[in-house]
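Here are the chains, one letter per residue:
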Amino acid sequence: MGENLLVNQGLDTNFYGSLAVGTPPYPFDVILDTGSSDMWIASSACQPMCAGTGNFDSTKSSTFKNMNKSFSVTYEKGYAAGSIGQDVVQFAGFTISDQAFGVVTTTASNFLQNPITGIFGLAWQSLAASGAMPFWQALASNGQWSQPLMAFQLTRFLNDSQAGKLEPGGSFTMGYVNESLYTGTIDYQDLPDGQASYWLQQITSMTVQGKYIPLLDDSASYAVIDTGTTLLAGPAAGIAAIYAQIPGSQPGTGSWEGFYSYPCNTTVVVEISFGGPSWSVSPGDFAFTSTGTSNECYGAFYAIPTPGETPPWIIGDTFLKNVYSVFRYDPPSVGFAALSETALAMNGKVGGIPSATLGANSAMFTLEPSAAPPTRTSSAVAFVISAFFATLVSFVQA
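Let us look at the structure shown here. Just so it is clear, the structure is predicted and the values come from calculations on it, not from any experiment.

### Let's talk about empty space enclosed by the protein
Applying the stated criterion across every chain yields a total of one cavity of 30 Å³ or more. Taken as a whole, the largest cavity holds about 60 Å³ of empty space. Contributing to the lining of the largest cavity are 13 residues, with Ser-37, Asp-38, Met-39, Gln-99 and Pro-134 lying nearest its centre. At the level of secondary structure, the elements contributing two or more residues to the lining of the largest cavity comprise β7 (94-107) and β8 (118-121). Here the residues of the lining of the largest cavity sort into eight nonpolar, four polar and one charged.

Written out as structure tokens, the structure reads:
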């Protein structure tokens, strides 16, 4: 069993944890991302595009191997590219001695927000641009966990005037659930048709201000459960139907196209079900940011174009801050539970950020050669959204 304490960056914009790479081990801060499958770290050769501190220098690790393969992930607003390497990786008390990952030498502008140096993909291997088995999946498939699952509890600092740029972000566990952070039972829903790619769920109902939002059937209502996305995205028609239930809402223009504004003094109540209970989104999470004019806010639900192979809905941290979320390897499923009073008390509790969680005594093993299939290309939806928000946050803070 292992735990990685998280950091909340930029008022809920990113949630990151720490891992260590190489011999001797060196710590890096990485976004924990259930919406993509690749692990990649900015190389020391990536300056000035990569904003993280202490980027990876492969020449300082005695166990690093260059796999002589290129690595690239493309997304709507840019890219991350470099080569594939292999080294010892430690995370949350677990160690894999030959984990493959991207050593990135170039990224889209503003993609990484200091001190973040990379992405730690937590979706399934079939999505990996590198073809490598993700760290979590290697552990789960080799029986290294007491329970075949991992879980998140995320904190909320949005709209907290006392919050700093970095605050305690909550907890991520591997191999067990932290029973002190949720109450009641965990409602598990299997991945649709057993698809082990994204962590998919089908939205079976959604209400706004108590009114049902019309949803399309089957895959047209599939949603990626994605810790690497700040807000909640959906198809234009679905998002328009949501804001149609909010008096005074208006579509955004220019840099805010796809967003909607609405009166800040309106308490917006959204509930979403994935086949089990309905889960509420806090009105405070729905109110993303002020438009800069009197009493007008932009909502956290926004519209994106969705290519045919990309799921139409992206359920990001706007929703996930309101639940305890569990990602189960076997059977492949996603579970949600109500947050406990202990977890809720962490919201807005300003404090020191956690130090690196690196211990390596829980498990250590070597991947079998067959664990890494040939390199393939992938369009990771989390990178599409994350890249958008790297630009968006800069715009908001400017």
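That was the structure; now back to the text.
### A few points about the environment of Asp-12
Take Asp-12: it is sitting in the loop between β1 (2-9) and β2 (14-21). Linking Asp-12 and Asp-317, residues 305 residues apart in sequence, is a C-alpha distance of 7.7 Å. Here Asp-12 is in contact with Thr-155, Arg-156, Phe-157, Leu-158, Thr-230, Asp-285, Asp-317 and Lys-321, once residues within four sequence places are set aside. A distance of 2.8 Å separates a polar atom in the side chain of Asp-12 from the backbone nitrogen of Phe-157.

### Overview of the nonpolar core
Ranked by internal contacts, the top residues of the largest apolar core, which has 83 residues, are Phe-120, Met-174, Phe-301 and Phe-319. Considering each element in turn, this core owes the most residues, five residues, to helix α1 (residues 135-141). Beyond its immediate sequence surroundings of up to four residues, Met-174 is in contact with Met-1, Gly-2, Phe-91, Phe-94, Phe-120, Leu-122, Phe-135, Trp-136, Leu-139, Trp-145, Leu-149 and Met-150.

### Quick look at the sheet that holds strand β14 (residues 211-212)
Remark on secondary structure: sheet strands pair via backbone hydrogen bonds, oriented parallel or antiparallel. Overall, antiparallel pairing links the four strands, which are arranged β14-β13-β19-β20 in an open sheet. Bordering the open sheet on either side are β14 and β20 (278-281), each of which pairs with just one other strand. The pairing of strand β13 (residues 205-208) with strand β19 (residues 270-273) spans four bridges and is antiparallel. By the bridge assignment for β19, Ser-205 is matched with Ser-273.

### Quick word on unusual backbone geometry
Here Asn-114 and Pro-115 are connected by a cis peptide whose omega angle stands at 15°. Its place among the elements puts Pro-115 in the loop between β7 and β8. In this model, Asp-330 is joined to Pro-331 through a cis peptide bond whose omega is -10°. Phi angles above zero are rare outside glycine, and Ala-92 is one such case at about 55°. Here Ala-92 lies in the loop between β6 (78-91) and β7. Accessibility expressed as a relative area gives 4% for Ala-92, which makes it buried.

### What to know about the packing of aromatic side chains
For any pair of aromatic rings, the description consists of the separation of the ring centres together with the inter-plane angle of the planes. Taken as a whole, this structure holds 33 aromatic pairs when the rule is applied. Aromatic rings pair up to connect Phe-91, Phe-120, Trp-124, Phe-135, Trp-136, Trp-145, Phe-152, Phe-172, Trp-199, Phe-327 and Tyr-329 into one cluster. Its end group placed over the ring of Tyr-188, Arg-328 keeps NZ or CZ at 3.8 Å from the ring centre.

### With respect to the sheet that holds strand β12 (residues 200-202)
If you walk across this open sheet you meet the five strands as β12-β15-β24-β16-β23, and the pairing is mixed. The open sheet is flanked by β12 and β23 (301-303), the only strands paired with a single partner. The sheet shows a mean angle of 30° between the axes of neighbouring strands, direction not considered. Relative to strand β24 (residues 313-315), strand β15 (residues 222-225) is paired through three bridges, and the arrangement is parallel. Looking across to β24, one finds that Ile-225 is bridged to Ile-315.

### As for the pattern of salt bridges
Applying the stated criterion across every chain, the model contains three salt bridges. Across the pair Asp-12 and Lys-321 runs a salt bridge, and its minimum N-O distance is 2.7 Å. Residue Asp-12 is located in the loop between β1 and β2, and its partner Lys-321 is located in the loop between α4 (317-320) and β25 (324-328); the two are separated by 309 residues in the primary sequence. In this structure Asp-12 comes out as buried when scored by relative accessible area, which is 2%. Note on Lys-321: relative accessible area 2%, which makes it buried. The partner of Lys-321 in a salt bridge is Asp-285, and the shortest N-O contact between them spans 2.9 Å. Here Asp-285 lies in helix α3 (residues 283-286) and Lys-321 lies in the loop between α4 and β25, a separation of 36 residues in the sequence. If you follow the salt bridges from partner to partner, you end up with Asp-12, Arg-156, Asp-285 and Lys-321 in one network.

### With respect to the pairing of β7
Most of β7 sits inside the fold, with eleven of its 14 residues counted as buried. Pairing of strand β4 (residues 39-42) with β7 involves three bridges; the strand directions are parallel. Residue Ala-42 lies in a different strand from β7, and its bridge partner there is Val-104.

### Points about the environment of Ser-61
Among the structural elements, Ser-61 can be located in the loop between β4 and β5 (65-75). The sequence separation of Ser-61 and Pro-25 amounts to 36 residues, and the corresponding C-alpha distance is 7.9 Å. For Ser-61, the contacting residues outside a window of four places in its chain are Gly-22, Thr-23 and Asp-87. Only 2.7 Å separates the side chain of Ser-61 from the side chain of Asp-87, close enough to count as a polar contact.

Conventions used here
- Residues numbered from 1 in each chain as written.
- Predicted model: local features only at pLDDT ≥ 70, side-chain atom pairs only at ≥ 80, totals over all residues.
- Heavy atoms only, no water.
- 1 Å grid on protein atoms, 1.4 Å probe; cavity = no way out; pocket = protein on both sides within 12 Å on 5 of 7 lines; lining within 4 Å.
- Points joined across faces, edges and corners; volume = space filled by probe spheres on them.
- Helix = DSSP H or I, 4+ residues; strand = E, 2+ residues; numbered from the N terminus.
- Nonpolar A, V, L, I, M, F, W, Y, C, P; charged D, E, K, R; others polar.
- Contact = heavy atoms within 4.5 Å.
- Polar contact = N/O pair within 3.5 Å; in protein donor to acceptor, adjacent residues only side chain to side chain.
- Core = buried A, V, L, I, M, F, W, Y, C linked by side-chain atoms within 4.5 Å.
- Buried < 20%, exposed > 50% of the residue type's maximum accessible area, 1.4 Å probe, protein only.
- Pairing = 2+ DSSP bridges.
- Phe/Tyr/Trp six-rings, centres within 6.5 Å; stacked < 30°, edge-to-face > 60°.
- Lys NZ or Arg CZ within 6 Å of the ring centre and 35° of its normal.
- Axes fitted to C-alpha atoms, helices over the stretch in contact; angles between N-to-C directions.
- Salt bridge = Lys/Arg side-chain N within 4 Å of Asp/Glu carboxyl O.

Any functional reading would require information that these geometric values do not contain.
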